[in-house]
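Structural characterization, general
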Amino acid sequence: VKAYRGQIERTRDEQLQRAIKELSRGEDPERVLSRFAHGLTNKLSHEPLVAIRQAGRRGDHQTLSAMCQLLNLETETPIINFSSDQLSSDDKDQQS
């Protein structure tokens, strides 16, 4: 728990420092905040989403169920396999 919390805090701090630098250069605060929120969301969600996709491709329903429970996700549809065809272009970019 401590290591995970530390990882999240480092990610937050990195994104925050980037935003502070952008603001100090006089960039539009609304754009800076938008990029900060987008960047933080992407960084924090990347690893869990990769794990979910990999479990889906393997047909690992036990891991998928555990991830849904861990992330407090309610799914109305059954857990299915994911193929690379179902990934958005943003998802494919993050995998590179």
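Data block above holds the structure.
Heads up: these notes are all about the structure in this document.

Conventions and cut-offs
Residues numbered from 1 in each chain as written. Predicted model: local features only at pLDDT ≥ 70, side-chain atom pairs only at ≥ 80, totals over all residues. Heavy atoms only, no water. Helix = DSSP H or I, 4+ residues; strand = E, 2+ residues; numbered from the N terminus. Buried < 20%, exposed > 50% of the residue type's maximum accessible area, 1.4 Å probe, protein only. Expected span 1.5 Å × (residues − 1). Arc of directions from axis to C-beta. Contact = heavy atoms within 4.5 Å. Salt bridge = Lys/Arg side-chain N within 4 Å of Asp/Glu carboxyl O. Axes fitted to C-alpha atoms, helices over the stretch in contact; angles between N-to-C directions. Parallel < 35°, antiparallel > 145°, perpendicular 65-115°, else oblique. Left-handed = near helix turned anticlockwise from the far one by under 90°. Nonpolar A, V, L, I, M, F, W, Y, C, P; charged D, E, K, R; others polar.

Let's shift gears to the side chain of Glu22. Summarising the element assignment, Glu22 is placed in helix H1 (residues 2–24). Under the relative-accessibility criterion, Glu22 is labelled buried at 10%.

This part is about helix H2 (residues 29–58). Helix length check: H2 (30 residues) gives 43 Å between terminal C-alpha atoms against 44 Å at 1.5 Å per residue, within 8%. Within H2, burial applies to Val32, Gly39, Leu40, His46, Pro48, Val50, Ile52, Arg53, Ala55 and Gly56.

Our focus in this paragraph is helix H3 (residues 61–70). Three or more residues of H3 are buried, namely Leu64, Met67 and Cys68. Take H3 and look down its axis: the buried residues cluster within an arc of 100°, on one side only. Among the exposed residues of H3, those pointing more than 90 degrees away from its buried face are Gln62, Gln69 and Leu70. Its buried side turned inward, H3 meets H2. Just downstream of H3 lies Asn72, where phi reads positive at about 55°.

One pass over the full model with this rule turns up six salt bridges. Residue Arg25 is joined to Glu27 by a salt bridge in which the shortest nitrogen-to-oxygen separation is 2.9 Å. A residue is classified by how much of its surface remains accessible, and Glu27, at 28% relative accessible area, is partly exposed. Between Glu27 and Arg35 there is a salt bridge, with the nearest N and O atoms lying 2.5 Å from each other. Salt bridges sharing partners connect three or more residues here, namely Glu22, Arg25, Glu27 and Arg35.

Our next topic: the packing of H2 against H3. Contact geometry of H2 with H3 gives a least axis separation of 8 Å together with a crossing angle of 150°. When the axis of H2 is compared with that of H3, the two are roughly antiparallel. Between H2 and H3 lies a crossing whose hand is left-handed. Residue-level inspection shows Pro48, Ala51, Ile52, Ala55, Gly56 and Arg58 of H2 in contact with H3, the latter providing Thr63, Leu64 and Met67. Class assignment of the residues belonging to the contact of H2 with H3 gives a composition of six nonpolar, two polar and one charged.

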